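Analysis of the macromolecular model
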Amino acid sequence: MAQTTKDIRIIFGSESGGGELTAEDIAESLPQGFHARVESMADVDVSTLTDGAFLFVICSTYGEGELPMGAQPFHEALTSARPDLTGLRYAVLGRGDKSYLKTFAQGSAIIDSMLTELGAERLGEICHHDASDWSIGDEFAVEWAGGIIEGLIMEKVPS
Ligand SMILES: Cc1cc2nc3c(=O)[nH]c(=O)nc-3n(C[C@H](O)[C@H](O)[C@H](O)COP(=O)(O)O)c2cc1C
């Protein structure tokens, strides 16, 4: 199905719940006319990823650079089913903590590599949220998502 910019799917892979709150904040901030679905990665049927929605991926990191529990079933499903994700476009917000010097935000990098390997296309660079940086405001993720949405809207403007 052709991708529309109005249908937005926001999936989160989290362990302590921060990613879910961020996903909900982004959903609530979308401009009129956009329709958002928020889902835990654990509930995503990977065969539906190319259903036409633009995908926001929010993923944290646990252990030593590993996926949070909430993202593990999603990664396992992608690894075993290997769906063709050609046509899927997505953006990634990696949640981590820079005091983990060597493994900062590795969880989001793992999901990003898998999506790219399966044919999906990332819009922009991975955006990182650093939990150790107290200067980062509550609006950080909403502002980032707003920039992505603006880009999608611009694509619709004829030159
Ligand atoms: C036990 C533990 C291990 C963690 N390991 C890492 C890590 O290796 N790299 C990293 O960037 N952040 C690590 N973090 C930080 C979390 O990713 C960060 O707090 C994040 O904001 C949590 O998001 P969430 O609430 O959506 O799960 C770790 C946190 C905990 C509690």
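The paragraphs below set out a description of the structure included in this document. Just so it is clear, the structure is predicted and the values come from calculations on it, not from any experiment. (Residues numbered from 1 in each chain as written. Predicted model: local features only at pLDDT ≥ 70, side-chain atom pairs only at ≥ 80, totals over all residues. Heavy atoms only, no water.)

Using the criterion set out here, one finds 7 salt bridges in the structure. For Asp 51, the salt bridge is made with Arg 37, and the minimal N-O distance between the two is 3.1 Å. In this pair, Asp 51 is assigned in the loop between strand E2 (35-40) and strand E3 (54-59) and Arg 37 in strand E2, connecting sequence segments 14 residues apart. Overall, Asp 51 belongs to the partly exposed group, its relative accessible area being 24%. Residue class for Arg 37 comes out partly exposed when judged on its relative accessible area of 26%. A salt bridge links Arg 89 to Glu 155, with the shortest nitrogen-to-oxygen separation between them at 2.8 Å. Here the residue Arg 89 occupies a position in strand E4 (residues 89-96), and Glu 155 occupies one in helix H4 (residues 140-155), the gap between them amounting to 66 residues. Its relative accessible area of 16% is what places Arg 89 among the buried residues. Put simply, Asp 7, Arg 9, Arg 37, Glu 39 and Asp 51 are held in one network by salt bridges that share partners. (Salt bridge = Lys/Arg side-chain N within 4 Å of Asp/Glu carboxyl O. Helix = DSSP H or I, 4+ residues; strand = E, 2+ residues; numbered from the N terminus. Buried < 20%, exposed > 50% of the residue type's maximum accessible area, 1.4 Å probe, protein only.)

In the vicinity of the ligand there are 20 residues, among which Ser 14, Ser 16, Gly 19, Thr 61 and Thr 103 approach most closely. At 2.6 Å, a side-chain N or O of Thr 103 approaches an oxygen atom of the ligand. Contact with the protein chains covers 80% of the free accessible surface of the ligand, which is 650 Å². Classifying every residue of the shell around the ligand gives 5 nonpolar, 11 polar and 4 charged. (Near = heavy atom within 4 Å. Polar contact = N/O pair within 3.5 Å; in protein donor to acceptor, adjacent residues only side chain to side chain. Areas by Shrake-Rupley, 256 points an atom, 1.4 Å probe, with all protein chains shown as cover. Nonpolar A, V, L, I, M, F, W, Y, C, P; charged D, E, K, R; others polar.)

The next point concerns the environment of Leu 115. Looking at where Leu 115 falls in the secondary structure, it is placed in helix H3 (residues 106-117). Residues Leu 115 and Thr 50, spaced 65 residues apart in sequence, show a C-alpha to C-alpha distance of 11 Å. Leaving out residues up to four positions away in the same chain, Leu 115 has contacts with Val 57, Phe 74, Leu 78, Leu 85, Tyr 90 and Ala 120. (Contact = heavy atoms within 4.5 Å.)

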